[in-house]
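Chain and residue survey
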Amino acid sequence: MGNIPAIFKKEQKEIEPDFDEIEVAQAFQKVHGFSLADANPKQSRLPQKAKMFSDTFVEKHPQGAYLRAISKLYGSGHQALLSNCVSFFIGFGPLAIFGPTVPKSLSGFGKMALISTTAITGSIVRFPAGAMVDLYGGLISTIILLSAAVCGLAGLAALAAYTPTNYTVFSITYALKFAFGLLAGCGISRFPIGVANTAQHFPRKNAGKYINIFAGAGNLGPAFYSALIPVLMVNFGLVNAHIIVTLILLFGTIFVVGIYVPSFFHQLRNNGGLQEQNAKKCAQWLGQELIPNCNLPDNKMCNGECNTHPVTKYIRNTFDVLLLIRHFPNAVLTLDYICTFGGFLTLTATLPIYWREFHGLDKVYAGYLTMAYSAAASILRAVFGGPIDKYDYKSGGLISTIIGLTLNCIGLFPLAFAPSVEKYGMWWLPIPLFGEFFLAIGTALANAGSFKAIPFYAPDQVGKVGGLVGGIGATGGWIFPLLMGVFTLLAKLVYDGDEQQTDAWSYFMIIPVTVLAIIFNFILVFKGKAQKPLDNDAADADAKAPGHEDHKPTHEDIEMEATPSQSKEIDVKEVSLDSDGTDFV
């Protein structure tokens, strides 16, 4: 698992020589007889012989600090992907805890407010989580957030055991459930950590695919819990259902912490002891393409090595995340995610109530139908990642996002206005199922498209932009339920009919925001802002030319600098630019 960096201690300034990739390559060639050509995220592993440097050789070598740091590297990109998928899967589970368990004694607004609790912290806490992952690699944040979620579920289990099952909005039981629900939602906020850590382990051109695999696999958590909790309630009772869910999260947290793998940059900096800029150069030479920028480009208080107190740096990075909303593409992506991921959170939390109370289905079948939507949206999100990378690269995934948002609007109409199956018969059931089908496809496509654009626009700030988009975007998971609850309150003033009918109509509140997002996406596409980073062929040629400040030494360059005898021994991997030859900002 590696050493955890001491975040509350001032970083030590140690004098170390500038990174010299030629001398490091020669050291590997001399001691091991092989190069580091395969030491990059594409192979997702370092050669095991890299750990065989003797202490004497390291101490005497002029690049010994770098050899020592490289020898401490561990893990692989696929191991990191596994840990991120598992952590998001188990951390996302508490979202589904209230849908099957909320009592009918609560009003429509009371139900929606309680359901929204996990999404509130799941969105707000993403801001500091996104800032912290760029600074320290995400291990500390993972431990804190998942531990808080375990405590929240344990509190809900205790309340299920020692408080009445029927309660009102003004009862102490409701207040305590609200508080523990906020705590349980901390696991959802780990999303930007997984986005950044996953993207940093793989090449930039494939980052969208692996991010969507991570997000799609993690989003299966609510689907799993939506089906599991009703089954546990029926077979083991409400209290034991809460205990089993808590234990799943507890043991899953232990597993994730044990296999977590920081990026090359964070390992070299935190475990290897290299200074920030030298760690960046070394990580780039090893093949890491997406390296976080720990400086604050929008804040002149921190420059160069950024040797401020780590806590101060952490706070500034959090505010720096919020400042990124000023950029129009970031604002559009955030609005997209409010509609897509916020809608996903809302539907996953409310569909059990919709199927159970409006259509009169059993809680187990209501859980199965909720699982069908959540699982389909999650799996398809992972499936769509690769095709979007291949066919929708020039728009940064925006065309896919527009199509997905349009399908969401189509799917919400039959869900909101379908006749009640309980009142009018089962033959009306295909209508809401039709809406759920379109919502699953639209949510998956729009989610995959919007997060394709994060490494596209901000390769050195994936964690920050992921925290911004995921944080503000996830607010839709509690803003939409609250809007739906307000709609039911106002509907009672003009409509004296069935309350469950007004609850179904409240899904219409998501449509206007979705239409607004579609309009802004069209503006972004037709103004050409998505294509702007690609129109840099001249910059590409200049950057590849020797002598340019962004030039990356190639195999031929090193052979020219080395002696004839040395050039035969050195085989250094070229650190290539991304597929379009530019460095996106």
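For the structure itself, consult the block above.
The model shown is predicted, which means the values in this text are computed figures rather than measured ones. (Residues numbered from 1 in each chain as written. Predicted model: local features only at pLDDT ≥ 70, side-chain atom pairs only at ≥ 80, totals over all residues. Heavy atoms only, no water.)

1. Notes on the pattern of salt bridges
Applying the stated rule across the entire model yields 2 salt bridges. Among the ionic pairs, Arg356 bridges to Glu357, the shortest N-O distance being 3.7 Å. Like Glu357, Arg356 is buried. Each of the salt bridges in this network shares a partner with another, and the network as a whole consists of Lys111, Arg356 and Glu357. (Salt bridge = Lys/Arg side-chain N within 4 Å of Asp/Glu carboxyl O. Buried < 20%, exposed > 50% of the residue type's maximum accessible area, 1.4 Å probe, protein only.)

2. Section: the side chain of Ser374
When you line up the elements, Ser374 lands in helix 18 (residues 363-391). Ser374 sits in the buried class, given a relative accessible area of 0%. A polar contact of 3.3 Å, which involves the side chain of Ser374, links it to the backbone nitrogen of Ala223. Those residues in contact with Ser374 that lie beyond four places of it in its chain are Asn219, Pro222, Ala223, Phe344 and Thr348. (Helix = DSSP H or I, 4+ residues; strand = E, 2+ residues; numbered from the N terminus. Polar contact = N/O pair within 3.5 Å; in protein donor to acceptor, adjacent residues only side chain to side chain. Contact = heavy atoms within 4.5 Å.)

3. A look at the side chain of Ser420
Tracing the backbone through its elements, the reader meets Ser420 in the loop between helix 19 (398-417) and helix 20 (421-424). Assessed through its relative accessible area of 2%, Ser420 is described here as buried. In this structure the side chain of Ser420 is engaged in a polar contact, spanning 2.7 Å, whose partner is the backbone oxygen of Phe358. Not counting residues up to four positions away in its chain, the partners in contact with Ser420 are Phe358, His359 and Gly425.

4. Regarding empty space enclosed by the protein
Under the criterion given, the structure shown has 6 cavities of 30 Å³ or more. The calculated volume of the largest cavity comes to roughly 110 Å³. In this structure, the largest cavity is lined by 12 residues; those nearest its centre are Met112, Ile353, Tyr354, Asp503 and Ala504. Mapped by element, the contributors of at least two residues to the lining of the largest cavity are helix 5 (108-115), helix 17 (328-358) and helix 24 (499-505). Among the elements that make up the lining of the largest cavity, the one with the highest residue count is helix 17 (5 residues). Residue classes in the lining of the largest cavity are distributed as 6 nonpolar, 3 polar and 3 charged. (1 Å grid on protein atoms, 1.4 Å probe; cavity = no way out; pocket = protein on both sides within 12 Å on 5 of 7 lines; lining within 4 Å. Points joined across faces, edges and corners; volume = space filled by probe spheres on them. Nonpolar A, V, L, I, M, F, W, Y, C, P; charged D, E, K, R; others polar.)

5. Notes on the nonpolar core
A general tendency of soluble globular proteins is for nonpolar side chains to be buried together. In this structure, Tyr354 and Tyr507 are the most contacted members of the largest nonpolar core, which totals 101 residues. Looking at this core element by element, the count peaks at 16 residues for helix 17. Those residues within four positions of Tyr507 in sequence are excluded, and the remaining contacts are Leu347, Thr350, Leu351, Tyr354, Leu412, Leu415, Ala416 and Met484. With 15 residues, the next largest nonpolar core counts Phe19, Ala69, Leu73 and Ile291 among its residues. (Core = buried A, V, L, I, M, F, W, Y, C linked by side-chain atoms within 4.5 Å.)

6. Focus on helix 12 (residues 220-236)
Side chains that are three or four residues apart share a direction in an α-helix, a result of its 3.6 residues per turn. Over its 17 residues, helix 12 runs 23 Å from end to end, which matches the ideal 24 Å to within 8%, given 1.5 Å per residue. Taken as a whole, helix 12 has its buried residues at Gly221, Pro222, Ala223, Tyr225, Ser226, Ala227, Leu228, Ile229, Pro230, Leu232 and Met233. Looking at the buried side of helix 12, the elements it contacts are helix 4 (77-92), helix 11 (207-218), helix 13 (238-259), helix 17 and helix 18. Within two residues after helix 12, Gly237 carries a phi angle of roughly 95°, on the positive side. (Expected span 1.5 Å × (residues − 1).)

7. Looking at a nonpolar patch on the surface
On the surface, Phe109, Val486, Leu489, Leu490, Leu493, Val494 and Tyr495 cluster together to form a nonpolar patch covering roughly 670 Å² of accessible area. With 5 residues, the top contributor of residues to the nonpolar patch is helix 23 (residues 476-494). Within the fold, Leu490 resides in helix 23. (Patch = residues over 30% accessible without salt bridge, like charges linked within 9 Å, V, L, I, M, F, W, Y side chains within 5 Å. Areas by Shrake-Rupley, 256 points an atom, 1.4 Å probe, with all protein chains shown as cover.)

8. Concerning helix 14 (residues 264-271)
The buried fraction of helix 14 amounts to 8 of the 8 residues, a majority that puts the element mostly inside the structure. Here helix 14 has its buried residues at Phe264, Phe265, His266, Gln267, Leu268, Arg269, Asn270 and Asn271. Just past helix 14, the residue Gly273 takes up positive phi, approximately 80°.

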